[in-house]
Amino acid sequence: MKLTLRQLEVFLEVARQQNLSRAAEALVMSQSAASSALKELEQKFNTQLFDRIGKRIQLNDLGQQIRPDAEALLEKARQLEQKLFSKALTGQIRVGATLTIGNYLAVNIVARMMRDKPGTHIDLQVANTANITEKVLNFDLDIGLIEGELHHHDLNVIPWCDDELVAFCAPGHDLEHKTQLTDQDLLSAGWILREAGSGTRQAFDRAMYGILPNLNVVIELQHTEAIKRAVEAGLGIGCLSRITLQDAFKRGSLIPLLIPDRDLSRQFYFIMHRQKYISQGTRELIELCRSWTASP
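Residues numbered from 1 in each chain as written. Predicted model: local features only at pLDDT ≥ 70, side-chain atom pairs only at ≥ 80, totals over all residues. Heavy atoms only, no water.

Some details on unusual backbone geometry
Item 1. One non-glycine residue, Gln18, lies in the positive phi region at around 55 degrees.
Item 2. The residue Gln18 is located in the loop between helix H1 (5–17) and helix H2 (20–26) in this model.
Item 3. In the Ramachandran plot, Phe139 falls in the positive-phi region, its phi being about 65 degrees despite a non-glycine side chain.
Item 4. Counting through the fold element by element, Phe139 comes out in the loop between helix H6 (129–137) and strand S5 (143–146). (Helix = DSSP H or I, 4+ residues; strand = E, 2+ residues; numbered from the N terminus.)

Structure representation (structure tokens):
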């Protein structure tokens, strides 16, 4: 065989980092060793996999074509290595989750899987939908758990479970005792919302079709808890996933507001690169996610 797994490791890490020195550092090897492995891979097949422009290095068309196969081959090799070590491991899974899912669902799901599958290592990254999508597209994540609607020809977008946004206010707010909110109520209120690029904001904007440009957005914040604190402080009303508000509603520190004429339903999704090899560990994570949210 003309290529080695180490050469594939270097090739894939350079593709991710788009920088030879950072790739070498990630692989815990010298830059010269990484450079030699990459050069030897290209020379053996009398081809070029990267375009080099000054200090920049990026995949060319051929490199893009073989990247998914290299990912799949390396993942298979890791699984074989685990079996040879006779350990019942699911392996390493790189998971990305949007903020609502990451903070209110994924942490518990990941903890359960690592407890049930000793030796499994899960790298969980939490960010907004746009960031998670970018990382999945760049093969930096094996799977993304997102709350935003998404269409991309390189991604498999798989429905997971239903969710619902709920508008809410602080006790004592002018809207607290209204049976249901009208469009005029929505326009007169000051809103504390998630930032653009988040799945929550995408669903809210869609629900406010027709009046969105005229809404009074007082503050945009990245974090759910910050929005809840701002609303509790009387700075305006908010709209977040019901799963993030259940405890506050039970305590009475926040009050749900009914908007019957607006569709605030949405779905959570799994996203994976169409050309990414799906490991057994990723499949087991998906099954656990489904069973977790299906539980009463």
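Having seen it, we continue.
Here's the deal with the pairing of strand S4 (residues 121–126)
Item 1. Pairing of strand S3 (residues 92–97) with S4 involves six bridges; the strand directions are parallel. Each residue of the ladder has a partner; that of Ile93, found in S4, is Ile122. (Pairing = 2+ DSSP bridges.)

As for empty space enclosed by the protein
Item 1. In the structure shown here, the tally under the stated rule is one cavity of 30 Å³ or more.
Item 2. Space inside the largest cavity adds up to approximately 40 Å³.
Item 3. Its residues placed into classes, the lining of the largest cavity shows two nonpolar, three polar and three charged. (1 Å grid on protein atoms, 1.4 Å probe; cavity = no way out; pocket = protein on both sides within 12 Å on 5 of 7 lines; lining within 4 Å. Points joined across faces, edges and corners; volume = space filled by probe spheres on them. Nonpolar A, V, L, I, M, F, W, Y, C, P; charged D, E, K, R; others polar.)

Let's talk about the side chain of Thr129
Item 1. Examined against the element boundaries, Thr129 turns out to sit in helix H6.
Item 2. Look at Thr129 and you get buried, because its relative accessible area is 7%.
Item 3. If sequence neighbours within four positions are ignored, Thr129 has contacts with Thr98, Ile146, Glu147, Gly148, Gly197, Ser198 and Gly199. (Buried < 20%, exposed > 50% of the residue type's maximum accessible area, 1.4 Å probe, protein only. Contact = heavy atoms within 4.5 Å.)

Observations regarding the environment of Gln180
Item 1. Secondary-structure assignment places Gln180 in the loop between strand S6 (155–169) and helix H7 (183–188).
Item 2. Sequence-wise, Gln180 and Glu40 are 140 residues apart; in three dimensions their C-alpha atoms are separated by 69 Å.
Item 3. Leave out the neighbours within four places in its chain, and Gln180 touches Asp185, Leu258 and Pro260.

Topic: the environment of Ala106
Item 1. Residue position: Ala106 is located in helix H5 (residues 99–116).
Item 2. Along the backbone, Ala106 and Gln125 are 19 residues apart, and their C-alpha atoms lie at a distance of 10.0 Å.
Item 3. What Ala106 contacts, discounting residues up to four positions off in sequence, is Ala97, Ile101, Leu124 and Leu145.

Considerations on the pairing of S6
Item 1. Note: S6 against strand S11 (residues 265–273), nine bridges, orientation antiparallel. Looking across to S11, one finds that Asn156 is bridged to Met272.
Item 2. Relative to strand S9 (residues 237–241), S6 is paired through four bridges, and the arrangement is antiparallel. Residue pairing for S9: Val166 is matched across the bridge by Leu240.
Item 3. Both S6 and strand S10 (residues 255–257) contribute to a ladder of three bridges, which runs antiparallel.

With respect to the side chain of Arg94
Item 1. Tracing the backbone through its elements, the reader meets Arg94 in strand S3.
Item 2. Judged by its relative accessible area of 16%, Arg94 is buried.
Item 3. A distance of 3.2 Å separates a polar atom in the side chain of Arg94 from the backbone oxygen of Phe139.
Item 4. Separated by 3.4 Å, the side chain of Arg94 and the backbone oxygen of Asp140 make a polar contact.
Item 5. Once residues within four sequence positions are removed from consideration, Arg94 is found in contact with Arg16, Glu71, Asp123, Phe139, Asp140, Leu141, Asp142, Ile143 and Lys276. (Polar contact = N/O pair within 3.5 Å; in protein donor to acceptor, adjacent residues only side chain to side chain.)

Thoughts on the packing of H5 against helix H11 (residues 280–294)
Item 1. At a minimum axis distance of 10 Å, the contact between H5 and H11 shows a crossing angle of 120 degrees. With respect to H11, the axis of H5 lies oblique. Handedness of the crossing formed by H5 with H11: right-handed. Every residue of H11 that contacts H5 at Leu105, Asn108, Ile109, Arg112 and Met113 is listed here: Gly281, Glu284, Leu285, Leu288, Cys289, Trp292 and Thr293.
Item 2. Residues of the contact of H5 with H11, tallied by class, amount to seven nonpolar, three polar and two charged. (Axes fitted to C-alpha atoms, helices over the stretch in contact; angles between N-to-C directions. Parallel < 35°, antiparallel > 145°, perpendicular 65-115°, else oblique. Left-handed = near helix turned anticlockwise from the far one by under 90°.)

Here we look at the pattern of salt bridges
Item 1. Within the structure shown, the criterion is met by 21 salt bridges.
Item 2. Its salt-bridge partner being Lys117, residue Glu284 comes within 3.5 Å of it at the nearest N-O pair. One end of the pair, Glu284, is in helix H11; the other, Lys117, is in the loop between H5 and S4, with 167 residues separating them in the sequence.
Item 3. Assessed through its relative accessible area of 17%, Glu284 is described here as buried.
Item 4. Ionic pairing is found between Glu225 and Lys228, a salt bridge with its closest N-O pair at 2.9 Å. A residue pair is termed a helical-turn pair when its members lie 3 or 4 positions apart in one helix, as Glu225 and Lys228 do in helix H9 (residues 224–232) at three residues.
Item 5. Lys228 sits in the buried class, given a relative accessible area of 6%.
Item 6. Among the charged side chains, a salt-bridge network with shared partners connects Glu225, Lys228, Arg229 and Glu232. (Salt bridge = Lys/Arg side-chain N within 4 Å of Asp/Glu carboxyl O.)

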